[in-house]
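Results of the structural survey
Listed here are the chains, written in short residue letters.
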Amino acid sequence: AQKVTQAQTEISVVEKEDVTLDCVYETRDTTYYLFWYKQPPSGELVFLIRRNSFDEQNEISGRYSWNFQKSTSSFNFTITASQVVDSAVYFCALSGTGGFKTIFGAGTRLFVKA
Amino acid sequence: DTEVTQTPKHLVMGMTNKKSLKCEQHMGHRAMYWYKQKAKKPPELMFVYSYEKLSINESVPSRFSPECPNSSLLNLHLHALQPEDSALYLCASSGGAMAYEQYFGPGTRLTVT
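Residues numbered from 1 in each chain as written. Chains lettered and ligands numbered in written order. Predicted model: local features only at pLDDT ≥ 70, side-chain atom pairs only at ≥ 80, totals over all residues. Heavy atoms only, no water.

1. Observations regarding the state of the cysteines
Residues and elements named next belong to chain B.
- Summed over the entire model, instances satisfying the criterion amount to two disulfides over all chains.
- Each disulfide pairs two cysteine sulfurs, and for Cys 23 the partner residue is Cys 91, the sulfurs being separated by 1.8 Å. When the S-S torsion is -70 degrees, as for the bridge of Cys 23 with Cys 91, the disulfide is left-handed. Taken together, the positions of Cys 23 in strand S3 (residues 18-25) and Cys 91 in strand S9 (residues 87-94) put the pair 68 residues apart, joining distant regions of the chain.
- Taking the relative accessible area as the measure of exposure, Cys 23 reaches 2% and is therefore buried.
- In this model Cys 68 remains outside any disulfide bridge; the closest cysteine sulfur is found in Cys 91, 9.3 Å from its own. (Disulfide = S-S within 2.5 Å. Helix = DSSP H or I, 4+ residues; strand = E, 2+ residues; numbered from the N terminus. Buried < 20%, exposed > 50% of the residue type's maximum accessible area, 1.4 Å probe, protein only.)

See the structure below:
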């Protein structure tokens, strides 16, 4: 069975603080795909990043960075110098071999205060 | 164009009504999805169409009936819904072939009275 755990239900930070959102996954598939999505108050989910199981390279995109570690089954997401516009619910998600069936974690609600 | 559109944005229907949700994408994606999302919960997969064929049905009640008329369009036909079916219904599409990241529409907020 596949599972995604986002242990942090809500995080509150002050603008310009760095924040890390944790994601731990479980799967028996040898090929799988990990994702992060952002859902702002408007409701539309926005794709942020995909990582394939065979690519453990970390990635940085502007203020966003992702740390993928297969040894600990984790795919953590860090926002550097957070801004109010980063306030949203962030979902970590997992697709196994075949790719279409996507399991979402419970989500982490991030509040960034000015 | 990375947009997925959904209509209507809001829908209120009685338990005896029949209505349809519509979704459209023009990204040339070959897979399309329906999700249901309750407040403060993650999206739950309902259906997946791949190359216009139903690929996944997550044991969804028959009062929800999906349809994929062509590769750009996805419908969800609703009939005899229950109040607990009230939720945000999200449509998404993906390119397939290892490009499984999904692009979501804004959703239809459904209220069943």
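Here the narrative resumes.
2. With respect to the pattern of salt bridges
- By the definition in use, this model includes eight salt bridges over all chains.
- Here Arg51(A) makes a salt bridge to Asp55(A), at a shortest N to O gap of 3.6 Å.
- Note on Arg51(A): relative accessible area 7%, which makes it buried.
- The partner of Lys36(B) in a salt bridge is Asp85(B), with the nearest N and O atoms 3.9 Å apart. A residue pair is termed long-range when its members are at least 10 positions apart, and Lys36(B) in strand S4 (residues 31-37) and Asp85(B) in the loop between strand S8 (73-79) and S9 qualify at 49 residues.
- Here the salt bridges share partners, and the residues they tie into one network are Arg51(A), Asp55(A) and Glu59(A). (Salt bridge = Lys/Arg side-chain N within 4 Å of Asp/Glu carboxyl O.)

3. A word on unusual backbone geometry
Residue and element names in this part refer to chain B.
- The residue after Thr 7, namely Pro 8, is reached through a cis peptide bond having omega -10 degrees.
- When you line up the elements, Pro 8 lands in the loop between strand S1 (4-7) and strand S2 (10-13).
- Backbone geometry places Glu 52, a non-glycine residue, at a positive phi of 70 degrees.
- Residue placement: Glu 52 occurs in the loop between strand S5 (44-50) and strand S6 (53-57).

4. Let's talk about the interface of chain B and chain A
- On the side of chain A, 21 residues touch chain B, which itself brings 27 residues to the contact.
- Between chain B and chain A, a total of about 1900 Å² is buried, with carbon and sulfur atoms accounting for 61% of that surface.
- Residues Glu58(B) and Lys101(A) are paired through a salt bridge, measuring 3.3 Å at the closest nitrogen-oxygen approach.
- In this structure, the connection of chain B to chain A is made through five residue pairs in polar contact (both at pLDDT 80 or more).
- Those elements giving two or more residues to the side of chain B that touches chain A turn out to be S4, S5, S6, S9 and strand S10 (103-104) of chain B.
- Among the elements that take part in the side of chain B that touches chain A, S4(B) stands out by supplying four residues, more than any other.
- For the side of chain B that touches chain A, the per-class residue count stands at 16 nonpolar, seven polar and four charged. (Contact = heavy atoms within 4.5 Å. Buried area = accessible area lost by both parts, 1.4 Å probe. Polar contact = N/O pair within 3.5 Å; in protein donor to acceptor, adjacent residues only side chain to side chain. Nonpolar A, V, L, I, M, F, W, Y, C, P; charged D, E, K, R; others polar.)

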